[in-house]
Amino acid sequence: MSDLNGNKKAAFYTLGCKLNFSETSTIARSLKKGGYEQVEFEDKADVYIINTCSVTQNADKDCKRVVKNALKANPNGFVVVVGCYAQLKPEEIAAMEGVDLVLGAKEKFNIVHFLEDLNKEDPTQIHSCEIEEADFYESAYSIGDRTRAFLKVQDGCDYKCTYCTIPLARGISRSDSVENILQKAQEISDQGIEEIVLTGVNIGDYGKGEFGNKRHDNTFIELVERLDQETSVHRIRISSIEPNLLKNELIEYTANSQRFVPHFHIPLQSGSDTILKKMKRRYLTDLYRDRVRKIKEVMPDCCIGVDVIVGFPGETEEHFLETYKFLNELPISYLHVFTYSERDNTKAIDFDGVVPIKERKRRNRMLRILSEKKRMAFYQSQLGTRHKVLWESDNKDGMMHGFTENYVKVQTPYDEELINQCMEVELVMLNPEGVVDVQILQPVM
């Protein structure tokens, strides 16, 4: 199965968040240095590496499905499972038919070391550290296409939200150095990538050292300032930031930045203070409302995305309607709606007031409809304005898409020469597909 040069072939599949994508890409580069050729996951490969997520209850189903697809492509392929699910439940994964190797949080970055023998043998090998040992920092970035890269700046989390397994899967909060991030950002920019998305588990907590010790001189705002001033990246986007860590100083800096775009994604999780306290979130709705108000005050066209969880234990209909009303009245742009799912080893799994699955799904549908209403209203508010669009490489029914700096999805007839070009456009019309048609004005140099 190796190619004519004797190189072995590796295929990758990522489940979950942007952080996982950045780490998969980094693992892929390490295999390339080790002599592997990367192929598509549907192709015949010597080794299949699956990077897993633990956020939802479907982690086991998703993993089994992808393992099955790998073995369909090559029944003799060596299957490796890494990531959050692999750290939390390695034995459960090892019991899956076809899995040959399970690597935990610490071991996944040394994957080449574990691939010296690709013979499929029983029992499945497990190499998984205690999560307390995940106290080091590993740099990572991914380039999924020619236009955008995800750059990891922070890992782990010190928060103790009652529904979340991420601290159990990724360990304590720790950060990369400013100097290394600047180097990686420039490395990405030098490859012709126009946009970088900063990612991590809790990036507003940036500044924690490799062993959880606070670096007082390295705060998230300092990182933002130096990326803005010392790199040649065209656009930088902040992936998600906790409301209690989104300071006015950062909002005001972004409003005047040449590189950081007017787009914030701010987890809320519930619009009920009662539920926020049960979740052990570090803010209440008044603070969240103030953050949104401040953003809109200094950046009226800013796009604001929100994470929200429905069906948390103890969430009554009244609590849910509090959330709905709170979100409906806020000038936000879209929602990411998650249905609460019970996770082992979290405090919430033992809480009273379990919400029936059918009711969780009903609440989810209600908020998804609200999200679409919010998104359409935001898009409508931008018609007639001029923005800079970074065009992507897709070709769907003769149309290509891109995003404005404030995250409005737009389209124009496909033209290969536009790919990875940043151009000034006027937003003309919201079409039936929910995408904005534009008139291209001129390239942005």
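Placed above this text is the structure.
Below or above, wherever it landed, is the structure these notes cover. Keep in mind that what you see is a predicted model, and the values were worked out from it rather than measured.

## Examining the overall build of the protein
Piece 1. Assigned secondary structure in the protein consists of 12 helices and 20 strands.
Piece 2. The C-alpha atoms of the protein give 22 Å as radius of gyration, which agrees with the globular expectation for 445 residues (22 Å, within 12%).
Piece 3. Overall, the protein is about 60 × 60 × 50 Å in size when its C-alpha atoms are taken along their principal axes.
Piece 4. Across the 445 residues in the protein, those meeting the buried criterion constitute 54%.
Piece 5. Within the protein, contacts between residues separated by at least 24 positions form 72% of all contacts whose residues are at least 6 apart in sequence.
Piece 6. Summing over all exposed atoms, the protein offers an accessible surface of approximately 20100 Å²; the carbon and sulfur share of this is 48%.

## With respect to the packing of aromatic side chains
The description of an aromatic ring pair rests on the distance of the ring centres and on the angle between the ring planes.
Piece 1. Using the criterion set out here, one finds 11 aromatic pairs in the structure.
Piece 2. Both rings, one in Phe312 and one in Phe351, keep their centres 6.1 Å apart while their planes meet at 80°; by these two values the pair is edge-to-face. Note that Phe312 is positioned in the loop between β14 (303-310) and α11 (317-329) and Phe351 in the loop between β15 (334-339) and α12 (357-382), a separation of 39 residues in sequence.
Piece 3. Given the relative accessible area of 0%, Phe312 is considered buried.
Piece 4. What makes Phe351 partly exposed here is its relative accessible area of 23%.
Piece 5. Between the aromatic rings of Phe378 and Tyr379, the centroid separation amounts to 6.5 Å while the plane-to-plane angle is 50°, which identifies the pairing as tilted.
Piece 6. Judged by its relative accessible area of 6%, Phe378 is buried.
Piece 7. Among the residues examined, Tyr379 registers a relative accessible area of 5% and is labelled buried.
Piece 8. Members of the aromatic cluster, each reached through a chain of ring pairs, are Tyr163, Phe312, Tyr340 and Phe351.

## Side note on the packing of helix α8 (residues 248-255) against helix α10 (residues 285-298)
Piece 1. In contact at an axis separation of 10 Å, α8 and α10 are set at 25° when each is read in the N-to-C sense. As judged from the angle between their axes, α8 and α10 are roughly parallel. Classified by chirality, the crossing of α10 by α8 is right-handed. Contact residues: α8 offers Asn248, Ile251, Glu252 and Ala255, while α10 offers Arg291, Lys294, Ile295 and Val298.
Piece 2. Among the residues forming the contact of α8 with α10, the class breakdown is four nonpolar, one polar and three charged.

Parameters at a glance
- The residue numbering used here restarts from 1 in each chain and proceeds along that chain's sequence as written.
- At least 70 in pLDDT is required for a residue's local features to be given in this predicted model, at least 80 for side-chain atom pairs to be given and counted, and no such filter applies to totals for whole chains, interfaces and linings, which use all residues.
- The side-chain values count all of the structure's non-hydrogen atoms but skip hydrogen atoms and water molecules.
- The helix count covers DSSP runs of H or I at least four residues long, the strand count covers runs of E at least two residues long, and both are numbered beginning at the N terminus.
- Atoms counted for the radius of gyration: C-alpha only. Globule rule: 2.2 Å times the number of residues to the power 0.38.
- Only protein chains enter the area calculation, which uses a 1.4 Å probe; residues under 20% of their type maximum are buried, those over 50% are exposed, and those in between are partly exposed.
- Only heavy atoms matter for contacts: two residues are in contact if any of them lie within 4.5 Å across the pair.
- Here the Shrake-Rupley method, with its probe set to 1.4 Å, supplies the accessible areas, and only the displayed protein chains count as covering residues.
- Stacked, tilted and edge-to-face are the three classes assigned to paired rings of Phe, Tyr and Trp, where Trp is represented by its six-membered ring and a pair needs centres within 6.5 Å; plane angles under 30 degrees give stacked, over 60 edge-to-face, the rest tilted.
- As a rule, the C-alpha atoms of each element are fitted with a line to give its axis, helices using only the stretch in contact, and angles between N-to-C directions run from 0 to 180 degrees.
- Working definition: roughly parallel below 35 degrees, roughly antiparallel above 145 degrees, roughly perpendicular at 65 to 115 degrees, and oblique for all remaining angles.
- In this scheme the crossing of two helices becomes right-handed for a clockwise turn of the near helix relative to the far one and left-handed for an anticlockwise turn of less than a right angle.
- Gly is placed with the polar residues, together with every amino acid not listed as nonpolar (Ala, Val, Leu, Ile, Met, Phe, Trp, Tyr, Cys and Pro) or charged (Asp, Glu, Lys and Arg).

As far as function goes, none of this settles anything; it's purely spatial.
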